[in-house]
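Coordinate analysis (summary)
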Amino acid sequence: AFRAQAYMRADDWETGVRIAQKAVNADPSLFWLQIPLANGIGILGDYEGAKKQWQLVKARFPRLSVERYRWYLGYAVPAEIVDRQIEGLTRAGIEQ
């Protein structure tokens, strides 16, 4: 799972999404990986897939929004990559 995020941070979205999807399929409790997975799917242009993945997270955490996730990222990752970590979500039209 951490390997998937490392690939995504390196802008190898295809590999990162593939590894993340495999990890989430094997263990659906990896909710913390489902958000970057949704973002990666959106970056790759599958906006419906990104929305579907986001809805799986929202079903578990109904108060989550892209803005709240952005706020969290401000503490969790370097500031210069925050926008990239939500770019696929916003491209897919995900706001809430």
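To be clear, the structure that these remarks concern was listed above.
These numbers come from a predicted model, not from an experiment.

Concerning the nonpolar core
Most often, soluble globular proteins have nonpolar side chains that are buried together. Grouped together as the largest cluster of nonpolar side chains are 28 residues, with contacts concentrated most on L33, I35, W54, Y69, L89 and I94. Of all the elements in the fold, those that place two or more residues in this core are α1 (2–9), α2 (13–26), α3 (31–43), α4 (47–60), α5 (66–76) and α6 (84–91). With sequence-adjacent residues up to four places away left out, I35 is seen in contact with W54, V57, L64, Y69 and L89.

Side note on the packing of aromatic side chains
All told, the structure shown has four aromatic pairs when counted by the stated rule. Aromatic pair F2 and W32: ring centres 5.4 Å apart, planes at 25 degrees, arrangement stacked. Of this pair, F2 sits in helix α1 while W32 sits in helix α3, and the two are 30 residues apart along the sequence. Centre to centre, the rings of F31 and F61 are 4.8 Å apart; their planes meet at 50 degrees, and the pair counts as tilted. Taken together, the residues F31 in helix α3 and F61 in the loop between α4 and α5 connect sequence positions 30 residues apart.

The rules behind these values
- Residues numbered from 1 in each chain as written.
- Predicted model: local features only at pLDDT ≥ 70, side-chain atom pairs only at ≥ 80, totals over all residues.
- Heavy atoms only, no water.
- Core = buried A, V, L, I, M, F, W, Y, C linked by side-chain atoms within 4.5 Å.
- Buried < 20%, exposed > 50% of the residue type's maximum accessible area, 1.4 Å probe, protein only.
- Helix = DSSP H or I, 4+ residues; strand = E, 2+ residues; numbered from the N terminus.
- Contact = heavy atoms within 4.5 Å.
- Phe/Tyr/Trp six-rings, centres within 6.5 Å; stacked < 30°, edge-to-face > 60°.

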